[in-house]
Amino acid sequence: GLCRLPAFRKLLWAPLPSPEAAGKHLWEWEEFLGAATQHERRAAANRELLVHGGAALLVAFLAAHGESADDAVLLQVLWLLHSLVLSTALERWVGTMDEVVHAVLRVPPLRAPCSKAVLTAALSLAAACCRQCQACRGKFADR
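Keep in mind the model is a prediction, meaning the values are calculated, not measured.

Chemist: I tried to follow the overall build of the protein on my own but got confused; where do I start?
Modeler: Within the protein, the secondary structure is distributed over 8 helices and 0 strands. In the protein, the succession of helices and strands from N to C terminus is α-α-α-α-α-α-α-α. Judged by the C-alpha coordinates and their principal axes, the protein covers about 40 × 30 × 25 Å. Taking all 143 residues of the protein together, the buried fraction comes to 45%. Expressed as a percentage of contacts within the protein between residues at least 6 apart in sequence, the contacts between residues at least 24 apart total 70%. Total accessible area computed for the protein in this model is approximately 7700 Å², and 56% of it derives from carbon and sulfur atoms. Charged side chains in the protein number 15 positive and 13 negative. The centres of these two groups are separated by 4 Å.

Chemist: I keep staring at the packing of helix α6 (residues 97-110) against helix α7 (residues 116-132) and nothing clicks. Help me out?
Modeler: Two measures define how a pair of helices packs: the angle their axes make with one another and the distance between the axes. Here α6 crosses α7 at 160 degrees, and the two axes come no closer than 9 Å. Looking at the two axes, α6 sits roughly antiparallel to α7. Between α6 and α7 lies a crossing of left-handed hand. Along the contact surface, α6 presents Met-97, Val-100, Val-101, Val-104, Leu-105, Val-107 and Pro-108, while α7 presents Val-118, Leu-119, Ala-122, Leu-123, Leu-125, Ala-126, Cys-129 and Gln-132. Counted by class, the contact of α6 with α7 contains 14 nonpolar, 1 polar and no charged residues.

Chemist: Would you mind showing me how to read unusual backbone geometry here?
Modeler: With glycine set apart, most residues show a phi of negative sign, and most peptide bonds adopt trans. A cis amide bond, omega -10 degrees, links Ala-112 with the succeeding residue Pro-113. Take Pro-113: it is sitting in the loop between α6 and α7.

Chemist: Is there a simple way to explain the packing of helix α2 (residues 19-34) against helix α5 (residues 71-87) in this structure?
Modeler: It is at 9 Å that the axes of α2 and α5 come closest, and there the two elements cross at 35 degrees. The hand of the α2/α5 crossing is left-handed. Note on element contacts: α5 touches α2 through Val-73, Gln-76, Val-77, Trp-79, Leu-80 and Ser-83, opposite Pro-19, Gly-23, Leu-26, Trp-27, Trp-29, Glu-30, Leu-33 and Gly-34. Looking at side-chain class alone, the contact of α2 with α5 contains 9 nonpolar, 4 polar and 1 charged residues.

Chemist: It is not clear to me how helix α4 (residues 54-65) should be interpreted in this structure. Could you clarify?
Modeler: Because an α-helix completes one turn every 3.6 residues, residues spaced three or four positions apart along the sequence face the same direction. Taking 1.5 Å per residue, 12 residues should reach 16 Å; α4 reaches 16 Å between its end C-alpha atoms and fits that length. Within α4, burial applies to Gly-54, Ala-55, Leu-57, Leu-58, Val-59, Phe-61, Leu-62 and His-65.

Chemist: What should I look at first to understand the pattern of salt bridges in this one?
Modeler: For side chains bearing opposite charge, pairing can occur when the charged atoms are close. Under the definition given, this model contains 1 salt bridge. Ionic pairing is found between Arg-111 and Asp-71, a salt bridge with its closest N-O pair at 2.6 Å. Of the two residues, Arg-111 sits in the loop between α6 and α7 while Asp-71 sits in helix α5, which places them 40 residues apart along the sequence. A relative accessible area of 12% places Arg-111 in the buried class. Its relative accessible area of 28% is what places Asp-71 among the partly exposed residues.

Rules of the game
Residues numbered from 1 in each chain as written. Predicted model: local features only at pLDDT ≥ 70, side-chain atom pairs only at ≥ 80, totals over all residues. Heavy atoms only, no water. Helix = DSSP H or I, 4+ residues; strand = E, 2+ residues; numbered from the N terminus. Buried < 20%, exposed > 50% of the residue type's maximum accessible area, 1.4 Å probe, protein only. Contact = heavy atoms within 4.5 Å. Areas by Shrake-Rupley, 256 points an atom, 1.4 Å probe, with all protein chains shown as cover. Lys, Arg positive; Asp, Glu negative; His and termini not counted. Charge placed at Lys NZ, Arg CZ, Asp CG, Glu CD. Axes fitted to C-alpha atoms, helices over the stretch in contact; angles between N-to-C directions. Parallel < 35°, antiparallel > 145°, perpendicular 65-115°, else oblique. Left-handed = near helix turned anticlockwise from the far one by under 90°. Nonpolar A, V, L, I, M, F, W, Y, C, P; charged D, E, K, R; others polar. Expected span 1.5 Å × (residues − 1). Salt bridge = Lys/Arg side-chain N within 4 Å of Asp/Glu carboxyl O.

Rendered as structure tokens:
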């Protein structure tokens, strides 16, 4: 599982990584989540990442480096969050999914100019959160 990946300690049990360091380790998480081709196994892998604090780390990364990180690293972070949102039960988020939407919607205005790929990924993730979570729909309906 997740705990056996070399990036587990480097990302979850160390200070927030720089964009360069994060990019080198986030691919392990992508492979961990993406390698599971069966729906049940993919859902279990996403649950494991969520329970170990993966979403909180990714949101903190966006807050700290959303303005300056390379598009490739941001797309990794957005893909991982999107996978978590679509593959885990809302109850597992314990009311924190709206924090993901806040963090994601802050990124495009910080980047001048924001690439189409990052903008598309950010809006798609925000839409997925609003689709999954009634509280998110209520908070972000006016945006």
